[in-house]
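One-letter residues, chain by chain:
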Amino acid sequence: FLFLVLETMATPDKIIKEGWLYREESVQGSLSTWKKRWNVLTLLKLQCFKNSSETEPISSLPVASVEEMAYGANIGDKTWAFSLTTPRGLVKLAAMDEAERESWVSTLRALVPKAKVEIAKEMLLRKAKRKANLELAQQQIKESIESILRDSKRVGVLGGFKSYADALAENFQALLRAIDLVSAMGLHSARQCAYTISSIVDAANSAAAVCTNRAIQDEIVVRTRDIAVDTANLLGHATTASHDKAAQTSMYEVIEDIQEQVKEILEILAASGELQQEMDEAKASIEMALENSFAAPPAEIVETEVEKTMEELSDRAKVLSTTIRNIANNACVTPDQVGKFSQDAAQLMCELLDGTSLVAYQSGIDINDPEYLAGTADINPRKKQQVESLLAAAKGFAAATTNMIDLLKQIPRQEDDENLQFRLSMATRSADNALNAFNCATADVDTSLSIHTPAGSQGYGVAEFPDDYVDGETELLASLDAIQATVAKFSVVDISSTNPELTRAVEGMEYSIPGLSGGTGAVTVLDAAKAMCGTAVTFMSNAANAQKEIKRIDPQVYLKDPAWASGVVEAAQSVADTTNQMYEVSVSPDSDVQDIVAASRCVNEATARLVAFTRVKGDSSSAEQQTLEESARDMAKAANFVVEVAKRAQDASDVEKFALQDKNMAQLRKGTTKEQIKKEFEAQAEIAKLEAELEAARQYLFKLRRAIHGGGPSGSQ
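This one's a predicted model, so the numbers in the text were calculated from it and none came from an experiment.

Asks: Before we go on, may I ask you to explain the sheet that holds strand β4 (residues 59-62) in this structure?
Replies: The strands making up a sheet associate through hydrogen bonds between their backbones, and the pairing can be parallel or antiparallel. In spatial order, the strands read β4-β3-β2-β1-β7-β6-β5; together these 7 strands make up an open sheet with antiparallel pairing. A single partner strand is all that each edge strand has here, and the edge strands are β4 and β5 (68-71). Put simply, the sheet's adjacent strands are angled 35° from each other on average, direction ignored. As defined by bridge partners, strand β1 (residues 17-27) adjoins strand β7 (residues 89-95) across 2 bridges and the pair is classed as antiparallel. Pairing of Y22 across the sheet is with A94, part of β7.

Structure, rendered in structure tokens:
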């Protein structure tokens, strides 16, 4: 019977035996007495109750803790006594008769080994669960770091550009020694020169491959080629220099030319290497701060209030905003300072990341706790959402800052490249938008909110939406409809009523953007504008899908963060409005190519702003977010294509103007000196007027952007 009872136990809590037993209990120090108690035996516990109707036991003995069992001596009328030896002492019990005592003792003897096995299994299960949680934490931390490194487009180059530039410089120094041997008619000097040039070419290819600055790449490639050609000419002259005076003279001239060119390339490599190293170190410091801030607890949690840390974060954010504006305004003007700009931004970014991590820990959230990562920790949902939004915004801002540093690497030694200035403007705008998103997340953190879930609360559980509730996905779909309507209007445009400059075919354009089948052929500015608006349709559709995925993960996301939701909607509406503006500019007879270029830039800036808002809540590893990022790159390509077609169209128009000017110049040369001086004065006055208008337009644009975007993505100011 006992065997069947033990084998058919369903759970460790199932009652195996119950009944009355006498129990020796202590009263007033060393005195003890026997009390009749109701006892319930399960696989793991022997519980003692005052009576059979009680639900709370007065004592509980783990069955697995029983070491020995023995029959006790008869005590008074307690003839059928027995004792249980445990680590905490001796437990004395007594049954009503011998059969009952035998039943209890035999059942306990059979249960003790099974209870110990059950306890061992539970311990193993706990250890396995803890190990799994730790592995999950480590994996998620690793993935988050890899995500931030991947959203920042980090290219792992051993030693960075400077190490390759230094290696190339050493080879050029070796070339100088080799040509000295040539001038001295040294033994094996020609072979040494050939070997050195081969090493220089290999080193130059490597340096150019890892350099992200196109101008420096061109300098390295072109100057290496010229030096190699001159070295070949040098060896040609050296073969006859011993008996040909003219060849000897030419040889020394080529040597001087090579020495001068090598001197110049060494200066370029030294300056650019140091500059690129500064920016590499700036970017690496941000990546290290990310790893240290989000992969491990702070080395020292300062005992200050969270409010004070939040104030320090706000101060850092203000300084960073000033730094970003300084970079946008001065990077192209003072390219030799981009290294310092990068390091200043990186230092502030690292302080901001450290402060963000500190806020999380001061708020009571350990982002490396396995229970927190597994979602089983007792954390107030609102507090968790606020801190997670802050951490996500900090990571997004870090990615935008590293992207900006990547672009700063391309500035030194560049000519006045309008496309580069535009991309720098977009990069700094993206960083500024990410910073505004961070400021919004900072403002949303309620420092007075309890970290633990309030008693009886189930989190958000909102039954009704407030009147000002904004559904980002729905609003983006509405913006998509508006953009599609704009694109449809292109099909009914009366070309005869537009500016002829916008419908002039530009030959030989290479294109591979949505809306135009890839290839080479004739394209008008109007075609390029229509293609960009078509690309905006795909972009907005992907943006809506990204919002749908964000909403799927957290259905209450728009309710939890209404400031962010409003920012998303405003950015989407801006994309629709600027797309419609581009259509109106394209079909207006009063518009010119400059108006089209300006309109394309407005569309591109609006799309970049929408992407920046989506990054705050979106999962960078999700297919929807990656598709949106790709669509944003397509929009940038489409904008660049519009600019290129517009410039080509403008150049074609200028050819006609220049032809007319040449004709006028020919007549002017035959005119009087007074007429010539008057024309020159008029031209100088026109230049001065245009320069003043250009400066005024730049100041207006700066103030306009401050007025539109300076208040933050939420539009709270």
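The rest of the description comes next.
Asks: Sorry if this is basic, but what is going on with the confidence of the model for the protein chain here?
Replies: For the protein chain, the average pLDDT comes to 75, and 76% of its residues sit at 70 or higher. Averaged pLDDT values over the elements of the protein chain bottom out at 43 in helix α1 (residues 2-7) and peak at 93 in strand β3 (residues 45-49). Contacts of residues 1-10 to residues separated by more than four positions or lying in other chains number 14 contacts, the stretch itself having pLDDT below 50. Counted against residues more than four places away or in other chains, residues 136-158, with its pLDDT under 50, gives 38 contacts.

Asks: Which parts of the structure should I look at to understand the nonpolar core?
Replies: Here is a general trend for soluble globular proteins: nonpolar side chains tend to be buried in one another's company. Among the nonpolar cores identified, the biggest contains 57 residues, and M532, F539, M540, W564, M582 and L610 are the most heavily contacted of them. Of all the secondary structure elements, the ones that give two or more residues to this core are α12 (472-490), α14 (525-553), α15 (557-560), α16 (562-587), α17 (593-617) and α18 (623-669). Top contributing element to this core by residue count: α14, with 14 residues. The residues touching F539, leaving out its near neighbours within four places in the chain, are V575, T607, L610, V611, L628, S631, A632 and M635. V338, C350, L407 and A427 belong to the second largest nonpolar core, which has 42 residues in total.

Asks: Would you take a moment to explain the packing of aromatic side chains for this structure?
Replies: Two numbers describe a pair of aromatic rings. These are the distance of the centres and the angle of the planes. One pass over the structure, following the stated rule, counts 3 aromatic pairs. Taking 5.2 Å as the distance between ring centres and 75° as the angle between the ring planes, the aromatic pair formed by W20 and W38 counts as edge-to-face. Here W20, found in strand β1, pairs with W38, found in strand β2 (residues 31-41); they are 18 residues apart in sequence, far enough to count as distant. Overall, the relative accessible area of 30% leaves W20 in the partly exposed class. Where Y558 meets W564, the ring centres are 5.9 Å apart and the plane angle is 10°; that geometry is what we call stacked. For the pair Y558 and W564, a shared accessibility class is recorded, and that class is buried. Just above the ring of W104 sits the side chain of K17; from NZ or CZ to the centre is 5.1 Å.

Asks: Teacher, can you tell me more about the pattern of salt bridges here?
Replies: Side chains that differ in sign of charge can pair as their charged atoms come close. All told, the structure shown has 12 salt bridges when counted by the stated rule. Residue K162 is joined to D166 by a salt bridge in which the shortest nitrogen-to-oxygen separation is 3.0 Å. Separated by 4 residues within a single helix, K162 and D166 lie in helix α3 (residues 160-183), roughly one turn from each other. For the salt bridge of E274 with K162, the shortest nitrogen-to-oxygen distance reads 3.6 Å. Residue E274 is found in helix α6 (residues 245-295), and its partner K162 is found in helix α3; the two are separated by 112 residues along the sequence. On the accessibility criterion, E274 (43% relative accessible area) is partly exposed.

Asks: Got a minute to help me understand the pairing of β7 in this structure?
Replies: The side chains of a regular strand alternate, residue by residue, between the two faces of the sheet. Examined bridge by bridge, strand β6 (residues 80-86) and β7 share 7 bridges and lie antiparallel to one another. Opposite W80, over in β7, you have A95 as the bridge partner.

Asks: Sorry if this is basic, but what is going on with the side chain of S586 here?
Replies: Topologically, S586 is positioned in helix α16. Look at S586 and you get buried, because its relative accessible area is 0%. Within the structure, the side chain of S586 is placed 2.6 Å from the backbone oxygen of M582, a separation counted as a polar contact.

Asks: Would you explain the pairing of β3 in this entry?
Replies: Counting buried positions along β3 gives 4 out of 5 residues, so the element sits mostly inside the fold. For β2 and β3, the ladder comprises 4 bridges, and the chain directions are antiparallel. What sits directly across from V40, in β3, is Q47. Counting the residues between successive antiparallel strands, the hairpin from β2 to β3 contains 3 residues. The pairing of β3 with β4 spans 4 bridges and is antiparallel.

Asks: Looking at this structure, I do not really get helix α5 (residues 214-238). What am I missing?
Replies: Along an α-helix, a turn takes 3.6 residues, which lines up residues three or four apart on a common side. The terminal C-alpha atoms of α5 lie 36 Å apart, and with 25 residues this matches the ideal 36 Å at 1.5 Å per residue to within 8%. Taken as a whole, α5 has its buried residues at A215, I216, I220, R223, T224, I227, D230, T231, L234 and A238.

Asks: Looking at this structure, how should I read a negative patch on the surface?
Replies: A contiguous patch of negative charge on the surface is contributed by E253, E256, D257, E260 and E267. Within the secondary structure, E260 is located in helix α6.

Asks: Can you help me understand the side chain of R37 in this one?
Replies: Turning to its location among the elements, R37 is positioned in strand β2. The residues touching R37, leaving out its near neighbours within four places in the chain, are G19, W20, L21, R23, E25, C48, F49, K50 and I58.

Asks: Help me understand the environment of V575, please; the structure alone is not making it clear to me.
Replies: Structurally, V575 can be placed in helix α16. Residue class for V575 comes out buried when judged on its relative accessible area of 0%. When the C-alpha positions of V575 and A608 are compared, they lie 9.4 Å apart, and in sequence the two are 33 residues distant. Discounting chain neighbours no more than four positions away, the residues touching V575 are I483, F539, M540, A606, T607 and L610.

Reading the values: rules and limits
Residues numbered from 1 in each chain as written. Predicted model: local features only at pLDDT ≥ 70, side-chain atom pairs only at ≥ 80, totals over all residues. Heavy atoms only, no water. Pairing = 2+ DSSP bridges. Helix = DSSP H or I, 4+ residues; strand = E, 2+ residues; numbered from the N terminus. Axes fitted to C-alpha atoms, helices over the stretch in contact; angles between N-to-C directions. pLDDT = per-residue confidence, 0-100. Contact = heavy atoms within 4.5 Å. Core = buried A, V, L, I, M, F, W, Y, C linked by side-chain atoms within 4.5 Å. Buried < 20%, exposed > 50% of the residue type's maximum accessible area, 1.4 Å probe, protein only. Phe/Tyr/Trp six-rings, centres within 6.5 Å; stacked < 30°, edge-to-face > 60°. Lys NZ or Arg CZ within 6 Å of the ring centre and 35° of its normal. Salt bridge = Lys/Arg side-chain N within 4 Å of Asp/Glu carboxyl O. Polar contact = N/O pair within 3.5 Å; in protein donor to acceptor, adjacent residues only side chain to side chain. Expected span 1.5 Å × (residues − 1). Patch = residues over 30% accessible without salt bridge, like charges linked within 9 Å, V, L, I, M, F, W, Y side chains within 5 Å. Areas by Shrake-Rupley, 256 points an atom, 1.4 Å probe, with all protein chains shown as cover. Lys, Arg positive; Asp, Glu negative; His and termini not counted. Charge placed at Lys NZ, Arg CZ, Asp CG, Glu CD.

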